[in-house]
Amino acid sequence: MKGFFVAGTDTGVGKTEIARAICFSLASRGLQPVPLKPVETGCDPDWPLDALALRAACGSSLPLDEVCPYRFRMPAAPLVAAEAEGAHVDLLRIEQIVDRARTPVVVEAAGGLLVPLAREQLSLDQTDPADRAPSQAIVTNLDLADRLRLPVVLVARAGLGTLNHCALSIDALERRGLPIAAVVLNRAVPEDDPSVVSNAQWVVEMTGARVLGPGPYVADPGARPEALAQLLARLFS
């Protein structure tokens, strides 16, 4: 098992909760998972809460720079936050962390698939011959997933609005030929709307993807990894 690339369809869908549950599940199986949150924004760079939560769920003692190599204060897309600080996200560094891993890696993306992650210089043969100088390309989480080639766990909200977001995200993944391990419909809020009971069926019918959930809403943050691990058992079967 190489691991998983955990991405969200939107902000606030509980992506970190599901990533933590995957880490907990792998650790419970004795697989010593490697936690990786390549970029965390809107955080104290010395105390990135999502990355630290992943590390704890894995039972890992890896250095913070290996778990979360890029940490920015601005609550924005990674590229926006990095450029606000005059910094640059190096995708090669992220790829090297994954390549070095000898146990399953759980990569949690920062935001949705098309969130801008970095800029990369295009080589001359990738630019328009009419241009005199190479230009830059914006690299997204989808591009990173394409490079890592890990099965994707797509986390989506259980309720209203999820059908469109799921269909668009799955279409983007399929266009790249990326493996989709599952769509996880996560209850990130305690209240259900009427669509929750039928959304799983509709996502399957619209996309053909394997759907897990909707999962339970777990109010206690400390109890979430173990409680949600039961929902994710089919990932490992």
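What counts, and where the lines are drawn
As a convention, each chain's residues are numbered from 1 in the sequence order in which they are written. Thresholds applied to this predicted model are a pLDDT of at least 70 for local features of residues and 80 or more for the giving and counting of side-chain atom pairs; totals over whole chains, interfaces and linings are not thresholded and use all residues. Computation of side-chain values: all heavy atoms of the structure, hydrogens and water removed. Every angle, taken between N-to-C directions, lies between 0 and 180 degrees, and every axis is a line fitted to C-alpha atoms, over only the stretch in contact when it is a helix. Only runs of H or I of at least four residues qualify as helices and only runs of E of at least two qualify as strands under DSSP, and these elements are numbered from the N terminus. When an angle is under 35 degrees it counts as roughly parallel; over 145 it counts as roughly antiparallel; between 65 and 115 it counts as roughly perpendicular; any other value is oblique. A crossing counts as left-handed when the near helix is turned anticlockwise from the far one by less than a right angle, and as right-handed when that turn is clockwise. The contact rule is simple, with two residues in contact once any of their heavy atoms fall within 4.5 Å. The definitions used throughout rest on a 1 Å grid laid over the protein atoms alone, on which a cavity is an enclosed set of points accommodating a 1.4 Å probe that cannot get out and a pocket is an open set flanked by protein within 12 Å on both sides along at least five of seven lines; lining residues are those having an atom within 4 Å of a point. Grid points are joined across faces, edges and corners, and a volume is the space filled by probe spheres set on the points. Under the grouping applied here, Gly and all other residues not named as nonpolar or charged are polar, the nonpolar ones being Ala, Val, Leu, Ile, Met, Phe, Trp, Tyr, Cys and Pro and the charged ones Asp, Glu, Lys and Arg.

Colleague: How would you sum up the packing of helix α5 (residues 91-100) against helix α6 (residues 141-148)? Please name residues and give values.
Modeller: Interaxial distance between α5 and α6 falls to 11 Å at its minimum, and their mutual angle equals 40°. On the basis of the axis angle, α5 is oblique to α6. With respect to the hand of their crossing, α5 and α6 are arranged in right-handed fashion. Residues L91, I94, E95 and V98 of α5 touch α6, and the partners they reach there are L144, R147 and L148.

Colleague: Explain the layout of surface pockets to me, and be specific about the residues and the numbers.
Modeller: Volume-wise, the largest pocket comes out at about 510 Å³. For the lining of the largest pocket, the secondary-structure elements that each account for two or more residues are α1 (15-28), β3 (39-40), β5 (105-112) and α7 (162-175). For the lining of the largest pocket, the element with the highest residue contribution is β5, accounting for five residues. Here the lining of the largest pocket is composed, by residue class, of 12 nonpolar, 11 polar and six charged.

Colleague: Pulling in residues and values, what's your account of empty space enclosed by the protein?
Modeller: In this structure the tally under the stated criterion is two cavities of 30 Å³ or more. Put simply, the largest cavity is a space of about 30 Å³. In terms of lining, the largest cavity is formed by E17, N186, R187, P216, Y217, V218, R224 and L228. Residue composition of the lining of the largest cavity, by class: four nonpolar, one polar and three charged. As a volume, the second largest cavity reaches approximately 30 Å³. Every residue along the wall of the second largest cavity is listed here: P38, V39, E108, A109, A110, L117, N141 and L144. The set of elements that each furnish at least two residues to the lining of the second largest cavity consists of β5 and α6. The element best represented in the lining of the second largest cavity is β5, accounting for three residues.

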